[in-house]
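Topology and contacts: notes
Now for the letters of each chain:
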Amino acid sequence: WWADFYGVTDPLDDPDHDGYTTASEYLLGTSPTNGNSHLQLEVQASGGSANITFWPYLGNRNYKLLFKTNLTDVTWQELSPGSVTPTQYGHGIFSLSTGTTSNGFYRLAVQPVAAVGDFSGKLAVPQGDENIGFSEAACGINRIYAAPRQ
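Residues numbered from 1 in each chain as written. Predicted model: local features only at pLDDT ≥ 70, side-chain atom pairs only at ≥ 80, totals over all residues. Heavy atoms only, no water.

**Section: the overall build of the protein**
- Across its full length, the protein holds two helices and seven strands.
- Taken over 150 residues, the protein has a buried fraction of 41%.
- If you sum the accessible surface of the protein, you get close to 8200 Å²; carbon and sulfur atoms cover 50% of it. (Helix = DSSP H or I, 4+ residues; strand = E, 2+ residues; numbered from the N terminus. Buried < 20%, exposed > 50% of the residue type's maximum accessible area, 1.4 Å probe, protein only. Areas by Shrake-Rupley, 256 points an atom, 1.4 Å probe, with all protein chains shown as cover.)

**A look at the side chain of Thr30**
- In this fold, Thr30 is placed in the loop between α2 (22-28) and β1 (40-46).
- Residue Thr30 is classed as buried on the basis of its relative accessible area, which comes to 1%.
- Looking at Thr30, its side chain comes within polar contact range of the side chain of Glu25, at 2.5 Å.
- Not counting residues within four places of it along the chain, the set of residues in contact with Thr30 comprises Trp2, Glu25, Ser37, His38, Leu39 and Pro56. (Polar contact = N/O pair within 3.5 Å; in protein donor to acceptor, adjacent residues only side chain to side chain. Contact = heavy atoms within 4.5 Å.)

**Let's talk about the sheet that holds strand β7 (residues 105-112)**
- If you trace the three strands from one edge of the open sheet to the other, you get β4-β3-β7, paired in antiparallel fashion. Across the chains shown, the open sheet's two edge strands, defined by having one partner strand only, are β4 (77-78) and β7.
- Of the strand pairs in this sheet, strand β3 (residues 61-68) and β4 are connected by two bridges, and their pairing is antiparallel. By the bridge assignment for β4, Leu66 is matched with Glu78. (Pairing = 2+ DSSP bridges.)

In structure tokens, the structure reads:
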């Protein structure tokens, strides 16, 4: 239904020219035909804790919070802040303790709950990109949303 609703069929296309492929927009839950529809990620730190809020939150997706202390580091480390708390406005919130750790950067990884490659409708993830939700390629030109960790 999603592909029919937006009138898109090529998972590698970018009809709204925002730097995100149709497949990435599908996984994130954003519109492939509206360049202003994009993942939002915000960090609010206070004392020894932080809330990482993102939009949109979809109940049929798995979300992982990734972290690195320096953007030049090759690997993002997975944090284990617990489950995502949904809000009535379609946001998701990770709450975590920051303790006395140094500054760093966050990133959100998104993957559908359905089995890998099991998408309903006409849109399919390109061959070889079955884990596109957690890959560097899924992040598009602007997808690394980094915020200082305090």
